[in-house]
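Structure assessment
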Amino acid sequence: MDTRRRNLPLFLLASFIFGLKTYIVYRFLFQIEIDNALQEFIIFINPFIASIIFLGLSIWIERPERRLAFIKYSALIGTLIIYFNLLFYRSFTDFLTIPQLFQTSNFLDLSTSIITLIKIYDILLFLDVFIIWFLCKKVDVNDIKANSRRTKSFALVIFLLLLTGNFLLAEVERPQLLSRGFDREYLVKNIGIFYFHIYDVFVQSKMRSQRVLADDNDVLTISKYINDEVRNDKKSELFGVGKGRNVIFISAESVQSFVINNQLHGEDITPFLNSLINHEDTFYFENFYHQTSQGKTSDSEFLTENSLYPLSGGAVFFTHAQNDYHAMPEILKSENYESIVFHANTNTFWNRNQMYESFHIEQFYDKDFYDVTEVNEIGWGLKDKEFFTQTIPYLRELNQPFYAKLITITNHFPFELDEGDRSLEPYDSNSITLNNYFPTVRYTDEAIEQLFLQLKASGLYDNSIIIIMGDHDGISANHNKAMASYLGKEEITPYDYLQLQRVPLYIHIPGYGKGEIMSKIAGQIDLKPTILHLLGIDTSHDIYFGNDLFHDDRKGFIVQRNGNFISDDYIYTNNTCYDRKTGDIIAVEGEGREKETPCSPIKEKVNQELEYSDQIIYGDLFRFIQFEEN
Ligand code: GP9
Ligand code: MN
């Protein structure tokens, strides 16, 4: 009799039982949010595909006993992996990662409460293992023969197809899922827990090997560069004007500068932000650039807290959350400041829960601290107005001085807004994204206006510095055509596109009275020294790549993560050196063309600086430094 047929169904049967269990756990024991039918479909098929592939590896095992053992132990180990994740999840609403396994504090937390995390019905999660073991026991090993080459090749093709299909669907659901990292919940939702662990092992081991090769000599070269090329320790006129004040930092989702002082349908898009520019207590930076890459909001947070560059690929919040940093909250702590973040999204998004700990942020008021209902929710959290309203009571309770960061979300792609919240009609072009962007920006503008009133009413306003910063662009190059039509241009050139990477920066110091419009180029990298100096905190022992924006003597260029840059005189993008002010092309680099252009010497520094910043992150170099706080 043909015995191949007998063991083939066994692994398939086992896959089915194990897959079903996994699906039930995903769907009913983890609280994974499902937003659409495609996600529902992926989360349903993934457990079966994953089990078929893993248990299907048994096809390549020759010896029958070993083959059965493989199936039995895979089911057991797979179940244990799911179960440990479940226990961890019950405690932290998060999935296990390698760094967490080594973070002993987590496990201490867990071990004291482990009994409370185990539920009696958990035993049912092992039911499939019992069944699979029982089935394996029933099989007569003499009936099992080696699989033919044809069977193996056939299985290989099928497995590869299944795997690719699963990943393609995940990619459709969430483009750049693996390269950007996003959120662990998204990863698990789209590729399942087993591939997620493999992915995590891969990312972590790559990082660890780079870290091992680094040593403390690397730091010396970098600090020399910073002392020679970046830092200026002379105090600006504003050094210490905000001493002892609170810092309220509003990270304004996707707000770009092109909407400021601009109109649509004959109306100002951002009336409040426009009026704020002319306020005597405001410094408005009209040539301020975001410098983020794939990590978007998290990159902008990384830049502002550390004055280091994010990574060219992936999100540093995911890849290097375990590093030693010397972030603003840590420095502020030694000045008796408490640092807090408010953002009504889950705390695992962008791995904030882990990275914030490394930054010494003391408290993260995430979604759980807010009353989120069907009416006030939008996208990844609360509507901005509701978010600010619910944040005010928390702010009032804080010990002063504090550094509070409030991250808005309403003006996020795809720029949805309920009809009743809309006070500006959409634009009319072939890009729905750009069309809908204007009403949501207006909404955020109104929300910020409301926040100012609330801060005044709460008595917090006078003793604070209020900073408003656009986190990154909201309108990508895909919408260039519509953007050109809005701006009344024939096309968006690479020069225009780089100029569109400007985001607003406001530094509002109640009572200061001598605010100005600041025209010199500036970037997110500059915020750490700027804020610390305003508070009168010396940074001369620190390592960072930005400049105090109230200083005239600066390094003179702002770097984009892809190596493009803006300097006082030039803009470099698309291998072309432009005159910054006129946009005229000065020189094009490339074969057969000029090698040396006015941009070349700056380009060299730019690349050097990016490389140093990467070295700090990849080598985790700050672990070698004892930063002295004064
Ligand atoms: C999510 C929010 C938006 O919590 O910060 O992230 P983004 O997609 O802009 O990076
Ligand atoms: Mn963002």
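None of the values given here were measured: they were computed from a predicted structure.

**So, the overall build of the protein chain**
Within the protein chain, the secondary structure is distributed over 21 helices and 19 strands. Taken against the 2.2 N^0.38 rule, which gives 25 Å for 630 residues, the C-alpha radius of gyration of the protein chain at 27 Å falls within 12% of a compact globule. Across its three principal directions, the C-alpha atoms of the protein chain cover 90 × 65 × 55 Å. Here the protein chain holds 630 residues, and 57% of them are scored as buried. Once local pairs closer than 6 in sequence are excluded, the contacts in the protein chain between residues at least 24 apart make up 75%. Surface summary for the protein chain: the accessible area is close to 27100 Å², and the carbon and sulfur share equals 55%.

**Examining the sheet that holds strand β7 (residues 363–365)**
Remark on secondary structure: sheet strands pair via backbone hydrogen bonds, oriented parallel or antiparallel. Spatially, β7-β6-β10-β1-β11-β12-β4-β13 is the arrangement adopted by the eight strands of the open sheet, whose pairing is mixed. Two strands close off the open sheet at either side, each with one partner strand: β7 and β13 (517–518). Pairing geometry for strand β4 (residues 282–285) and strand β12 (residues 505–508), over four bridges, is antiparallel. Considered in β12, the bridge of Phe283 is made with Ile507. In the packing of helix α16 (residues 384–397) onto the sheet, the strands contacted are β1 (246–252), β6 (338–342), β7 and β10 (402–407), and the crossing angle to β10 comes to about 165°.

**Regarding the packing of aromatic side chains**
This structure, assessed with the given rule, holds 53 aromatic pairs. When the centroid spacing of 4.8 Å and the interplanar angle of 70° are considered together, the rings of Phe283 and Phe550 count as edge-to-face. Within this pair, whereas Phe283 is found in strand β4, its partner Phe550 is found in the loop between α20 (527–534) and β15 (557–559), the two being separated by 267 residues in sequence. We note that Phe283, like Phe550, is buried. Seen in terms of ring centroids, Tyr309 and Phe545 are 5.8 Å apart; in terms of plane orientation they differ by 40°. Their pairing is tilted. One end of the pair, Tyr309, is in the loop between α12 (296–306) and α13 (316–319); the other, Phe545, is in the loop between α20 and β15, and 236 residues separate them in sequence. Owing to a relative accessible area of 0%, Phe545 belongs among the buried residues under this scheme. A network of ring pairs unites the aromatic residues Phe258, Phe413, Phe415, Tyr427, Tyr437, Phe438 and Tyr486 as a single cluster. Positioned above the aromatic ring of Tyr186 is the side chain of Arg174, whose terminal nitrogen or guanidinium carbon lies 4.6 Å from the ring centre.

**Focus: helix α7 (residues 149–173)**
Because an α-helix completes one turn every 3.6 residues, residues spaced three or four positions apart along the sequence face the same direction. For α7, built from 25 residues, the straight-helix expectation of 36 Å at 1.5 Å per residue is met to within 8% by its first-to-last C-alpha distance of 36 Å. Restricting attention to buried positions, one finds in α7 the residues Thr151, Lys152, Ala155, Phe159, Asn166, Ala170 and Glu173.

**Brief notes about unusual backbone geometry**
Between Gln400 and Pro401 the backbone carries a cis peptide bond, its omega angle lying at 0°. Secondary-structure assignment places Pro401 in the loop between α16 and β10. Of the consecutive residues Phe413 and Pro414, the connecting peptide bond is found in the cis state with omega at 5°. You can see Pro414 is positioned in the loop between β10 and α17 (432–458). In this model, Ser307 sits at a positive phi of 55°, which is unusual for a non-glycine residue.

**Here's the deal with the coordination of the manganese ion (ligand 2)**
Coordination of the manganese ion (ligand 2) by the protein involves Glu253 (OE), Glu253 (OE), Thr297 (OG1), Asp471 (OD) and His472 (NE2), with metal-donor separations of 2.0 to 2.5 Å. Between the six donor atoms coordinating the manganese ion (ligand 2), the angles at the centre fall across 56 to 167°, so the site counts as irregular. With relative accessibility at 7%, the residue Thr297 sits in the buried group.

**A word on the state of the cysteines**
Applying the stated criterion across every chain, the model contains one disulfide. In this model Cys577 forms its disulfide with Cys599; the gap between the sulfur atoms is 1.9 Å. On the sign convention where negative means left-handed, the S-S torsion of about 80° between Cys577 and Cys599 marks this disulfide as right-handed. Residue Cys577 is found in strand β18 (residues 576–579), and its partner Cys599 is found in the loop between β19 (585–588) and α21 (600–618); the two are separated by 22 residues along the sequence. The pair formed by Cys577 and Cys599 is uniform in burial state, with each residue classed as buried.

**What to know about the packing of helix α10 (residues 217–230) against α21**
Each pair of packed helices can be summarised by the angle the axes make with each other and by the distance between the axes. Where α10 contacts α21, the axes come no closer than 11 Å and their chain directions differ by 140°. It follows that α10 is oblique to α21 by the angle criterion. For the pair α10 and α21, the sense of crossing is left-handed. Note on element contacts: α21 touches α10 through Lys605, Gln608, Glu609, Tyr612, Gln615 and Ile616, opposite Asp218, Thr221, Ile222, Tyr225, Glu229 and Val230. By residue class, the composition of the contact of α10 with α21 is five nonpolar, three polar and four charged.

**A look at the sheet that holds β15**
With respect to topology, five strands assemble into an open sheet ordered β15-β16-β17-β18-β19, the strand pairing being antiparallel. The sheet is open, and its two edges are formed by β15 and β19, each paired on a single side. Sheet twist, expressed as the average angle between the axes of neighbouring strands with direction ignored, equals 15°. In the sheet, strand β17 (residues 570–573) pairs with β18 via four bridges, with the strands oriented antiparallel. Directly across from Tyr570, in β18, lies its bridge partner Asp579. Against the sheet, α21 contacts β15, β16 (565–567) and β17, and its axis sits at roughly 50° relative to β15.

**Things to note about the domain arrangement of the protein chain**
The assigned domain composition of the protein chain is domain 1 (2–207) and domain 2 (241–550). In total, about 1500 Å² of surface goes out of reach between domain 1 and domain 2, with carbon and sulfur atoms giving 43% of it. Remark: the boundary between domain 1 and domain 2 carries one salt bridge. The partner of Lys367 in a salt bridge is Glu33, and the shortest N-O contact between them spans 3.7 Å. Run the count over domain 1 and domain 2 and you get one residue pair in polar contact (both at pLDDT 80 or more). Contributing elements (two or more residues each) for the side of domain 1 that touches domain 2: α4 (98–102), α8 (177–180) and α9 (184–212). With five residues, α9 is the single largest residue contributor to the side of domain 1 that touches domain 2.

**Considering the site of ligand 1**
Close contacts around ligand 1 come from Glu253, Lys296, Thr297, His343, Asn345, Phe349, Trp350, Arg352, Trp380, Ile409, His412 and His472, and that covers them all. Between an oxygen atom of ligand 1 and a side-chain N or O atom of Asn345, the distance comes to 2.8 Å. Residue His412 places a side-chain N or O atom 2.7 Å away from an oxygen atom belonging to ligand 1. Here the shell around ligand 1 is built from residues that sort into four nonpolar, five polar and three charged.

Thresholds, definitions, all that
- Each chain carries its own residue numbering, running from 1 in the written order of its sequence.
- Both sets of labels track the order of writing: A upward for chains, 1 upward for ligands.
- Only residues with pLDDT of at least 70 are given local features in this predicted model, and only at 80 or more are side-chain atom pairs given and counted; all residues enter the totals for whole chains, interfaces and linings.
- Calculation of side-chain values draws on the structure's entire complement of heavy atoms; hydrogens and water are dropped beforehand.
- Think of it this way: any DSSP run of H or I at least four residues long counts as a helix, any run of E at least two long counts as a strand, and we number them from the N terminus.
- Atoms counted for the radius of gyration: C-alpha only. Globule rule: 2.2 Å times residue count to the power 0.38.
- Partly exposed residues are those whose accessible area sits between 20% and 50% of the maximum for their type, while under 20% is buried and over 50% is exposed, using a 1.4 Å probe and protein chains only.
- Contact between two residues is taken to exist if any of their heavy atoms lie within 4.5 Å; hydrogens are not considered.
- For the accessible areas, the method is Shrake-Rupley and the probe is 1.4 Å, while residue cover comes only from the protein chains on display.
- Only when DSSP finds a minimum of two bridges between them are two strands counted as paired.
- Axis definition: a line fit to C-alpha positions, over the contact stretch in the case of helices; interaxial angles, taken between N-to-C directions, run 0 to 180 degrees.
- Aromatic pairs are defined between Phe, Tyr and Trp rings, using the six-membered ring for Trp, whenever the two ring centres lie within 6.5 Å; interplanar angles under 30 degrees are classed as stacked, those over 60 as edge-to-face, and all others as tilted.
- We call a charge positioned above a ring when the Lys NZ or Arg CZ atom is no farther than 6 Å from the ring centre and deviates by at most 35 degrees from the ring normal.
- An expected span of 1.5 Å times one less than the residue number is assigned to each helix.
- Water is not part of the atom set, so a site may look incomplete; the donors themselves are N, O and S atoms within 2.8 Å of the metal, or 3.2 Å for Na, K and Ca.
- Angle rules define the geometry names used: all angles between 85 and 135 degrees makes four donors tetrahedral, while opposite donors over 155 degrees apart and all other angles between 65 and 115 make four donors square planar and six octahedral, leaving every other case irregular.
- Cysteine sulfur atoms that come within 2.5 Å of each other are treated as a disulfide pair.
- Just so you know how the angles are binned, under 35 degrees is roughly parallel, over 145 roughly antiparallel, 65 to 115 roughly perpendicular, and the rest oblique.
- By the definition used in this description, the sense in which the near helix is turned from the far one sets the handedness, with an anticlockwise turn below a right angle giving left-handed and a clockwise turn giving right-handed.
- Throughout this entry, Asp, Glu, Lys and Arg are counted as charged residues, while Ala, Val, Leu, Ile, Met, Phe, Trp, Tyr, Cys and Pro are counted as nonpolar. The remaining residues, Gly among them, count as polar.
- The split into domains, and so the bounds of each, comes from an automatic or database assignment of domains.
- Put simply, buried area is how much 1.4 Å-probe accessible surface two parts lose in total, over both of them, once they are put together.
- Any carboxyl oxygen of Asp or Glu within 4 Å of a side-chain nitrogen of Lys or Arg constitutes a salt bridge here.
- Contacts described as polar in this section are N or O atom pairs within 3.5 Å, which, within protein, must combine one atom able to donate a hydrogen with one able to accept it, while residues neighboring in sequence count only if both atoms come from side chains.
- Any residue with a heavy atom lying within 4 Å of a molecule or strand is counted as near it.

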